[in-house]
Amino acid sequence: QKVGKSLVVIPYWLADTTFEDRKPVILDPGLTFGTGAHPSTQMVMEQMEALPLTGARCLDLGSGSGILSIVALRLGAKQAIGVDIDPKAEDIARENAAYNGFEDSVFTAVTGNVLGDRQLMAQLSKNRYDLVLVNIVADVIIALAPVLKNFLNEKSVLLLSGILDTRLSQVVQALNNAGITVEQICQKEEWRCIRGRRTEK
């Protein structure tokens, strides 16, 4: 599955195959936590390609298979943390990171809910991240909106996807209310992806 200008998602049994000049993102496609085929995931990957990610620190909320964290690392990020409420996702994401050669010191998989776990929230919000990714669904993004600023500084990039066009206005309103400025909205089919930043005071 070629995505964007420089990425290709491939199954782990083709890990040794070269695909032109594209950066490989190796996954176990037998799992249902995100394979790169969905428009919402592809939009985030394409947005990430355009960012200067060399040396960046990334936080991936709702990380599933870990695909977006792996893409960030493949594009030059130095560290990624993937958080998901499903404990199975933690194991899957760690396994996929290993397929790509990323050790625990580079990719950290965590099980938890930042909205319901104060300790996890405190731990994650000690730092500000260069890139924060949220590829879930509109209802969860709206619920997360009030806490997203805790992970962002003035230069951080926030990418939000998994938003149906019918829910876009609600998500944008929730972000504005939470002090996040929407800079760009892109679309594929009925899906929307938002690029935002922390609103400067």
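In the block above lies the structure referred to throughout.
Residues numbered from 1 in each chain as written. Predicted model: local features only at pLDDT ≥ 70, side-chain atom pairs only at ≥ 80, totals over all residues. Heavy atoms only, no water.

A.B. asks: Could you clarify how one ought to interpret helix α6 (residues 168–177) in this entry?
C.D. replies: For the α-helix, the turn length of 3.6 residues means that residues three or four positions removed from each other point alike. Of the residues making up α6, those classed as buried are L168, V171, V172, A174 and L175. The buried residues of α6 occupy one face: seen down the axis, they fall within an arc of 160 degrees. Opposite the packed face of α6, turned more than 90 degrees from it, sit the exposed residues S169 and N177. In this fold, the buried residues of α6 make contact with α5 (138–148), β8 (152–164), β9 (180–188) and β10 (191–198). (Buried < 20%, exposed > 50% of the residue type's maximum accessible area, 1.4 Å probe, protein only. Helix = DSSP H or I, 4+ residues; strand = E, 2+ residues; numbered from the N terminus. Arc of directions from axis to C-beta. Contact = heavy atoms within 4.5 Å.)

A.B. asks: Can you walk me through the nonpolar core in this structure?
C.D. replies: For soluble globular proteins, nonpolar side chains are generally found buried alongside one another. Grouped together as the largest cluster of nonpolar side chains are 34 residues, with contacts concentrated most on M48 and L131. Considering every element that reaches this core, the biggest residue donor is helix α2 (residues 67–74), with six residues. Not counting residues up to four positions away in its chain, the partners in contact with M48 are L53, L68, V71, A72, L75, L131, L133 and L159. Within the second largest apolar cluster, 30 residues are counted, among which are L61, L144, F151 and L158. (Core = buried A, V, L, I, M, F, W, Y, C linked by side-chain atoms within 4.5 Å.)

A.B. asks: Any chance you could explain the environment of V182 here in plain terms?
C.D. replies: Looking at the secondary structure, you find V182 in strand β9. In the structure, V182 is positioned 24 residues away from L158 in sequence and 9.2 Å away in space, judged by C-alpha atoms. Sequence-distant contacts of V182, defined by excluding residues within four places in its chain, comprise V172, L175, N176, I194, R195 and G196.

A.B. asks: Explanation requested: the sheet that holds strand β2 (residues 7–11) in the structure shown.
C.D. replies: Strands pair in a sheet through their backbones, by hydrogen bonds, and they do so in one of two ways: parallel or antiparallel. In spatial order, the strands read β1-β2-β3; together these three strands make up an open sheet with mixed pairing. Since the sheet does not close on itself, it has two edges, and those belong to β1 (2–3) and β3 (23–27), each with one partner. In the sheet, β1 pairs with β2 via two bridges, with the strands oriented antiparallel. Residue pairing in the sheet places V3 in a bridge with L7 of β2. Packing of α2 onto the sheet brings it into contact with β2 and β3, and relative to β3 it is tilted by some 155 degrees. (Pairing = 2+ DSSP bridges. Axes fitted to C-alpha atoms, helices over the stretch in contact; angles between N-to-C directions.)

A.B. asks: Please explain the sheet that holds β10 as it appears in this structure.
C.D. replies: As summarised here, the arrangement of the seven strands in space is β6-β5-β4-β7-β8-β10-β9, forming an open sheet in which the pairing is mixed. Looking at which strands have only one partner, the edges of the open sheet turn out to be β6 (107–111) and β9. In this sheet, adjacent strand axes meet at a mean angle of 15 degrees when their direction is disregarded. Across five bridges, the pairing between strand β4 (residues 57–61) and strand β5 (residues 79–84) is parallel. When the sheet's bridge partners are listed, L61 is paired in β5 with V83. Where α2 meets the sheet, it contacts β4, β5, β6 and β7 (129–135), and its direction lies at approximately 175 degrees from that of β5. Across the sheet, α5 is in contact with β4, β7, β8 and β9; its angle to β8 comes to roughly 165 degrees.

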